[in-house]
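What the coordinates show
Each chain, written out:
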Amino acid sequence: MSAEGPATRRVSVAEHPRLLKLKKMFNSKFGSNPKFYVRAPGRVNIIGEHIDYCGYSVLPMAVEQDMLIAVEPVKTHTLHLANTNPLYPDFSTSANNIQIDKNKPLWHNYFLCGSKGIQEHFGLSSLTGMNCLVDGNIPPSSGLSSSSALVCCAGLVTLTVLGRSLSKVELAEICAKSERYIGTEGGGMDQSISFLAEEGTAKLIEFSPLRATDVKLPSGAVFVIANSCVEMNKAATSHFNIRVMECQLAAKLLAKYKNLDWDKVLRLEEVQTQLGLSLEEMLLVTEEALHPEPYSPEEICGCLGISVEELRTQILSPNTQDVRTFKLHQRAQHVYSEAARVLQFKKICEEAPENTVQLLGELMSQSHRSCRDLYECSCPELDQLVDICRKHGAQGSRLTGAGWGGCTVSIVPADMLPSFLANVHEAYYQKSDRSSARENQNLFATKPGGGALVFLEAQTM
Ligand code: ADP
Ligand code: NG1
């Protein structure tokens, strides 16, 4: 993989309406012009849900929607943040040691995560002074990674202001780690695709070491995103971290059962690698070693030979310490089967048999059922939307991103796209108060977009 950093492009701001609008707003807010702009895209995960933090490969593509920030470095060590959306209030800080409040996932904290990650990487303790105006068009808390796009954008803004350089892989790794300052124990898929995406291709993202490989999607199909209009903020609830902890505990119990050094094991993938078994074999080990009834903290402690206090303080995250039941069997079944589906999806794309679209669709629908029944990260609206999409011509449909709300992604034969959009619009949006001026933002076909970039205004060069 190339060690290249994100590209810098010279653009004529006057020819880009969104940049021009941002420049004007920046000028009226700060009384000066931005020196550069940074964009980082959101993503749609085509398949491979809730497995990145278990060490398994995922298959996302960047979407066109992104986070765009206009920036002016300043000599004082003060950070001024403003947003084009009045829902997100202005924020300033001059503190040298950035504190991120995990109890309140306010928007500026995501910016601080990215900025802090870069500063720490270079061992810098004093804040980088800058004026920033943020403009995002990724629907928030909808599974399209608006939070990570903001963290990645802030990371690249900070790197650029510091005049330093890093490869895309380094940036992705730093931002994946630093987004955890907000309190969610995510994997790294979102930050990786935001930096490593390339126009025209989806990517297989592998971890440890991080790398991205092109996956050519079939030409006879389009991928359609539909928003259930149910929002779920990961950092404001414990759903997400509970799943991360359940997977970690399942990995430890499986490792213990197989006489591995369970204490050091954190991920389900490590158990598979240490045992040298296939994913299908890991499903059998899971059947043998774990029971479907929920585990209590006491039972887990009994299996591992640790105290409840040790479980709480040494394994569980702060917002999962009072959880009373953990479903380990179901979560491990989802993870091992979903990891296998990702590899099958990639293989079908490469081999491109005649019924490619149908086969990919089947894998996506299996993935949704597994998320719904085994991982329990769906919701009635997402299930309804998936059913509607299937009924109106999608060969497969599934929730995308963390779930519990947010978007679905469907694979639709290209010639059916117009009727599919019209019918889904009527069945899900028009028949309820979800129909609004935002309809094109709620239901749209998407293509693999490019990754994060820095823009410089052409005439200032
Ligand atoms: P997602 O799945 O989109 O990443 P999260 O719930 O993890 O959802 O993060 C959403 C949060 O990201 C929002 O609550 C907000 O704090 C921040 N965010 C999203 N879009 C914007 C934006 N345009 N400007 C500022 N902050 C944003
Ligand atoms: P979104 O959809 O952005 O909330 C989250 C995690 C991913 C991944 C997916 C589920 C973060 C920043 N993102 O994504 O790493 O685990 O859920 O596949 O935590």
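Residues numbered from 1 in each chain as written. Chains lettered and ligands numbered in written order. Predicted model: local features only at pLDDT ≥ 70, side-chain atom pairs only at ≥ 80, totals over all residues. Heavy atoms only, no water.

**Regarding the overall build of the chain**
When you go through the chain residue by residue, the secondary structure sums to 15 helices and 13 strands. Over its C-alpha trace the chain gives a radius of gyration of 22 Å, about what one expects of a compact globule, namely 23 Å for 461 residues. The dimensions of the chain, computed from C-alpha atoms along their principal axes, are 65 × 55 × 45 Å. Per-residue burial for the chain yields a buried fraction of 57% across its 461 residues. Sequence-distant contacts in the chain: of pairs separated by 6 or more residues, those separated by 24 or more amount to 75%. Carbon and sulfur atoms make up 49% of the accessible area of the chain, which amounts to about 19,200 Å² in all. Taking the average location of the 44 positive side-chain charges in the chain and that of its 51 negative ones, the two points are 5 Å from each other. (Helix = DSSP H or I, 4+ residues; strand = E, 2+ residues; numbered from the N terminus. Rg over C-alpha atoms; globule rule 2.2 N^0.38 Å. Buried < 20%, exposed > 50% of the residue type's maximum accessible area, 1.4 Å probe, protein only. Contact = heavy atoms within 4.5 Å. Areas by Shrake-Rupley, 256 points an atom, 1.4 Å probe, with all protein chains shown as cover. Lys, Arg positive; Asp, Glu negative; His and termini not counted. Charge placed at Lys NZ, Arg CZ, Asp CG, Glu CD.)

**Quick look at the site of ligand 2**
Around ligand 2 lies a shell of 19 residues, among which Glu 49, His 50, Asp 52, Asp 190 and Lys 234 are the nearest. Residue His 50 places a main-chain N or O atom 2.7 Å away from an oxygen atom belonging to ligand 2. Within the backbone of Ala 402, one N or O atom sits 3.0 Å away from an oxygen atom of ligand 2. In terms of residue count, the dominant contributor to the shell around ligand 2 is helix α5 (residues 189–196) (three residues). (Near = heavy atom within 4 Å. Polar contact = N/O pair within 3.5 Å; in protein donor to acceptor, adjacent residues only side chain to side chain.)

**Thoughts on the site of ligand 1**
Close contacts around ligand 1 come from 18 residues, with Asn 83, Ser 141, Ser 146, Ser 147 and Lys 234 the closest. Contact between ligand 1 and Asn 83: a nitrogen atom at 2.9 Å from a side-chain N or O atom of the residue. In isolation ligand 1 has 570 Å² of accessible area, and contact with the protein removes 93% of it. Mapped by element, the contributors of at least two residues to the shell around ligand 1 are α2 (107–121) and α3 (146–162). At three residues, α3 tops the list of elements feeding residues into the shell around ligand 1. Residues that form the shell around ligand 1 fall into these classes: eight nonpolar, nine polar and one charged. (Nonpolar A, V, L, I, M, F, W, Y, C, P; charged D, E, K, R; others polar.)

**What about the sheet that holds strand β9 (residues 221–227)?**
The four strands are arranged β10-β11-β9-β12 in an open sheet whose pairing can be described as antiparallel. The sheet is open, and its two borders are formed by β10 (396–399) and β12 (443–446), each paired with just one other strand. Put simply, the sheet's adjacent strands are angled 25° from each other on average, direction ignored. Where helix α13 (residues 380–391) meets the sheet, its contacts fall on β9, β10 and β11 (407–413), and the angle it forms with β10 comes to roughly 165°. (Pairing = 2+ DSSP bridges. Axes fitted to C-alpha atoms, helices over the stretch in contact; angles between N-to-C directions.)

**So, the environment of Gln 459**
Mapped onto the elements, Gln 459 comes out in the segment after β13 (453–457). Since its relative accessible area comes to 59%, Gln 459 is described here as exposed.

**Focus: the pattern of salt bridges**
Here the structure, examined in full by the defined rule, presents 23 salt bridges. With its nearest N and O atoms 2.7 Å apart, the salt bridge here joins Glu 246 to Arg 331. In this pair, Glu 246 sits in helix α6 (residues 239–257) while Arg 331 sits in helix α11 (residues 328–351), placing the two residues 85 residues apart along the sequence. By relative accessible area, which is 2% here, Glu 246 ends up buried. Using a relative accessible area of 3% as the deciding quantity, one classes Arg 331 as buried. Where Arg 398 meets Glu 338, a salt bridge forms, and the shortest distance between an N and an O atom there is 3.9 Å. Remark: Glu 338 occurs in helix α11 and Arg 398 occurs in strand β10; sequence separation between them is 60 residues. (Salt bridge = Lys/Arg side-chain N within 4 Å of Asp/Glu carboxyl O.)

**Re the side chain of Gln 191**
Note on placement: Gln 191 falls in helix α5. The residues contacting Gln 191, other than those within four sequence positions of it, are Ser 148, Cys 152, Ala 172, Cys 175, Ala 176 and Glu 179.

**Structural notes on the packing of aromatic side chains**
Working definition: an aromatic ring pair is given by the centre-to-centre distance plus the angle between the planes. In the structure shown here, the tally under the stated rule is five aromatic pairs. Taking 6.2 Å as the distance between ring centres and 75° as the angle between the ring planes, the aromatic pair formed by Tyr 56 and Tyr 336 counts as edge-to-face. Linking Tyr 56 in the loop between β2 (36–47) and β3 (59–73) with Tyr 336 in helix α11, this pair joins segments that are 280 residues apart in sequence. Summarising the burial analysis for this pair, Tyr 56 and Tyr 336 share the class buried. Judged by centre distance (6.0 Å) and plane angle (55°), the ring pair of Tyr 88 and Trp 107 falls under tilted. Here Tyr 88, found in the loop between β4 (79–83) and β5 (91–93), pairs with Trp 107, found in helix α2; they are 19 residues apart in sequence, far enough to count as distant. What makes Trp 107 buried here is its relative accessible area of 8%. The aromatic ring of Tyr 181 is capped on one face by Lys 116, whose charged end is 5.3 Å from the ring centroid. If you follow Arg 243 out to its NZ or CZ, it ends over the ring of Tyr 375, 5.8 Å from the centre. (Phe/Tyr/Trp six-rings, centres within 6.5 Å; stacked < 30°, edge-to-face > 60°. Lys NZ or Arg CZ within 6 Å of the ring centre and 35° of its normal.)

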